[in-house]
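# Structure assessment
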Amino acid sequence: MSSSAKHRNRGKVFLVGAGPGAFDLITIRGADALSRADVVIYDHLVSPELIRLAPPKAELIYAGKQGGAGKSIEQSELNAMLIERARKGRVVIRLKGGDPFIFGRGGEEAEALARANVRFEVIPGVTSAIAGPAFAGIPLTHREHGSFVAFVTGHEDESKGAHATVPWDELVAAARSGGTIVILMATARMRATLDRIRAAGLAAETPAAAVQWATTAAQKTVSATLATLADESARAGIGAPAVIVVGQCAGLRAHLKWVERAPLFGRTVVVTRSRETASQFATALRRMGAEVVEFPTIETVAPRSYAALDRAIARLSSSARDSFDWIIFTSAMGVESFVERLKSRGRDIRELGRASIAAIGPATAARLADYALRAAAVPDEYRAEQIIPAIGIKRIRGKRFLIPRAEVAREALPEILRQKGAKEVEVAAAYRTVKPKGAQIERMRELIASESIDLVTFTSSSTVTNFCDLIGAPASLLKAAAIGPITASTATEHGFEVVVRPDKYTIAALTEAIAEYFTPRNAET
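From a predicted model like this one, the values you see are computed outputs, not experimental measurements.

## A word on unusual backbone geometry
Put simply, Ala240 and Pro241 share a cis peptide bond, and its omega is -5°. Structurally, the position occupied by Pro241 is in the loop between helix H9 (229-236) and strand E10 (242-246). Residue Arg105 is not a glycine yet carries a positive backbone phi of 60°. With respect to the element layout, Arg105 can be found in the loop between strand E4 (91-96) and helix H5 (106-115). Since its relative accessible area comes to 45%, Arg105 is described here as partly exposed. Backbone geometry at Trp213 places phi at a positive 50°, although glycine is not the residue there.

And the structure:
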C-alpha cells in the first residue's frame, strides 16, 4: 500500500458536540476523540477549557460562528478544510457547541464528507435546548403540564421568505393542549417570534422563560409570560446565546430552580496549580457551581541534575554506615518524583532501610500511603518549620536527614534542622518547577480586563510569581485565595487582595473556605 493510501485510510473527521458551555458536559467519547486530535476546528461557543484536552501539538483553528457577529469561516471553506486535512491522514475534530445535528450545520458537514468519500464519525453532545432549561429548573416534559416538546429555530434561513417551514399554527394548537416549545437562536427576533406564537392562539398568560449562557458562570434566567417575556428580557439585558421556553412547564421554575442555590453559582475561579495536580481541585469547585478557568502557572519537570539525589539513593541501606536516619518529604510531588527515580535506578522502597519518614501535610502523607509508606511524623500545622516539634529535638540531634524536594525551595527547613543539632542535612533535587509553555495568556488578560474573574487561587508562592511573570502585575486589584500564610504574603506583595486563607493549609480546606467566602451570612440553609 502506498504512503498516500495509508494516510487516506488513517484520516478521519469527528463531528463532536462540545455541550452547552460547561467544560464538564462534554461526553466521555467526545473528550477521548479530542485527546487524539491532530487538528481541532472549534466554534465560538465552545468552552476554552475543552481546547486544553487536545494534544499540545494539535493544530487549532477558530471557526467563529458567533451568530452573525465577528469573523467566521464560510461554511463552504470550512467543509473544504475538513476534507483537505482528513485526506492528509490527519485526525480532525470538528468541535461544535451543543450537539452537531441540532441547528448546528453538522448535517451539512456530514453530507460534504460523505460526498468526498472521507471517513467521519458523529459524537452527539448535550444540546443547550435541553441543558438550558434543565439548569434553569425547567423540566421540558411533565405528566401534568407537558406531554411533548418541540425544538424550533428562531433564525430560519431568510432566503425562504414566505416559505418558512416552522409550522407555528400547528405547534401552538398542540401546545394549547399541553406541550413545551423550545426556541433556539431567537434573541434577535424574540419579540416577533413571541408575537407570532400569540397570534397563532396561545394565551398571553402562558408561562415563558429565557435562559442566557446556560451552564456557565454567566447564566442568567428571566421568568415571565408569553406577553411580557420580550420586555422583561430587554430589561435584564438578555442576549445571545439564549434559549426560550414557552409552555406550562416553564412555570415550574419558581420552585424547581436549583443551580442558583449552589454556593459558587455565577462565580469564575482561576486555578493556577500545575496540570498534574489541578484536576481534583477544579472538580471540587465545579461541583459547587463555579466556572473554573484552569491556568497552570507551574509545570513539573526533571531537575537539571539527578547527581545529588542519586548519591543519596546509593546511601539508602540499613547496613551503610552513613545511611540516613530520616527522609523528609515536603510535597506529594516530592514523593512521586523520588519513587520514580528509585524505580529508574533499579531500586525499590524496601531499600529505605532504617530511615524514618516525615511528611509535611496530609496530602504528602497520603501519597506516601499510596506506596505503602507510613509517615512517622506529620506536623499539626502544615509548614516546614513545624516538622521540628513533630519529630522531636531528641530524634534530631546527631541524625542524618535527606530532603528530596524541588530544585528551588525555601531554605528554612534545612537551616532549622542544622540549628537543632542534625549531624547532616542532605538536600537533593527530585524535580523542578518551571513556567509552562503554551499558556493561554491572551485569554487570561481578556478575562481580567473584562472583570470576569471573581477569584484567583494560589497554592504556592511560585504560582503567584509565575502568574505575574506571565500576565504582568494586576492592573486592578484582583481578589485571591491563598493556601497558607507564606503564599498569602507573596500574593499581597504582588498586588492581590487576599480574601480567602484557610486555617488548615490543604486543598480541601481551601475549597471549603472559598465556598464560605461566597456564601452570604444570612443564606438559607
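More follows now that the structure is in view.
## Structural notes on helix H2 (residues 28-35)
Buried within H2 we find Gly30, Ala33 and Leu34. The buried residues of H2 occupy one face: seen down the axis, they fall within an arc of 100°. The exposed set on the far side of H2, more than 90 degrees from its buried face, consists of Ile28 and Arg29.

## Side note on the packing of helix H8 (residues 190-199) against H9
The description of two helices packed together rests on the angle between their axes and the distance between the axes. Between H8 and H9, the least distance of the axes is 9 Å, while the angle of their chain directions is 160°. Considering the angle they form, H8 stands roughly antiparallel to H9. Once H8 is placed against H9, the crossing between them reads as right-handed. Where H8 approaches H9, its residues Met190, Arg191 and Leu194 are matched on the opposing element by Leu229, Ala230, Asp231 and Ser233. For the contact of H8 with H9, the class distribution of residues is 4 nonpolar, 1 polar and 2 charged.

## Let's talk about the sheet that holds E4
Taking strand neighbours across the sheet as the criterion, the 5 strands line up as E3-E2-E4-E1-E5 in an open arrangement whose pairing is parallel. Where the open sheet ends on each side, the last strands, each with one partner, are strand E3 (59-64) and strand E5 (120-123). Each strand axis lies, on average, 15° off the axis of its neighbour in the sheet, ignoring direction. Where strand E2 (residues 39-43) meets E4, 4 bridges bridge the pair, whose relative direction is parallel. If you follow Val40 over to E4, its bridge partner there is Ile93.

## Structural notes on the packing of aromatic side chains
For the coordinates displayed, the defined rule picks out 9 aromatic pairs. Residues Phe467 and Phe496 carry aromatic rings whose centres are separated by 5.9 Å and whose planes lie at 65° to one another, so their mutual orientation is edge-to-face. Of the two residues, Phe467 is situated in helix H18 (residues 461-471) and Phe496 in the loop between helix H19 (485-493) and strand E20 (497-500); the sequence distance between them amounts to 29 residues. Neither residue differs from the other here; Phe467 and Phe496 are each classed as buried. The rings of Phe295, Phe458, Phe467 and Phe496 are connected pair by pair, giving a single aromatic cluster. Cation over ring: Arg341 sits above Tyr306, and NZ or CZ is 3.8 Å from the ring centre.

## So, the pattern of salt bridges
Two side chains with opposite charge may pair up if their charged atoms get near one another. Going through the model one piece at a time under the given rule, you end up with 33 salt bridges. The salt bridge involving Glu340 is made with Lys343; its shortest N-O contact spans 3.0 Å. A residue pair is termed a helical-turn pair when its members lie 3 or 4 positions apart in one helix, as Glu340 and Lys343 do in helix H13 (residues 332-344) at 3 residues. On the basis of relative accessibility, which here comes to 38%, the residue Glu340 falls in the partly exposed class. Residues joined in a network through salt bridges with shared partners are Glu49, Arg52, Arg286, Glu294 and Arg443.

## Section: the pairing of strand E1 (residues 12-17)
Buried residues dominate E1, accounting for 6 of its 6 residues. Of the two faces of E1, the one holding Lys12, Phe14 and Val16 and the one holding Val13, Leu15 and Gly17 are both buried throughout. In this sheet, E4 lies alongside E1 in parallel orientation, the contact comprising 6 bridges. Bridge pairing in E4 links Leu15 to Arg94. Taken together, the 4 bridges between E1 and E5 define a ladder with parallel strand orientation.

Definitions and cut-offs
- Residues numbered from 1 in each chain as written.
- Predicted model: local features only at pLDDT ≥ 70, side-chain atom pairs only at ≥ 80, totals over all residues.
- Heavy atoms only, no water.
- Helix = DSSP H or I, 4+ residues; strand = E, 2+ residues; numbered from the N terminus.
- Buried < 20%, exposed > 50% of the residue type's maximum accessible area, 1.4 Å probe, protein only.
- Arc of directions from axis to C-beta.
- Axes fitted to C-alpha atoms, helices over the stretch in contact; angles between N-to-C directions.
- Parallel < 35°, antiparallel > 145°, perpendicular 65-115°, else oblique.
- Left-handed = near helix turned anticlockwise from the far one by under 90°.
- Contact = heavy atoms within 4.5 Å.
- Nonpolar A, V, L, I, M, F, W, Y, C, P; charged D, E, K, R; others polar.
- Pairing = 2+ DSSP bridges.
- Phe/Tyr/Trp six-rings, centres within 6.5 Å; stacked < 30°, edge-to-face > 60°.
- Lys NZ or Arg CZ within 6 Å of the ring centre and 35° of its normal.
- Salt bridge = Lys/Arg side-chain N within 4 Å of Asp/Glu carboxyl O.

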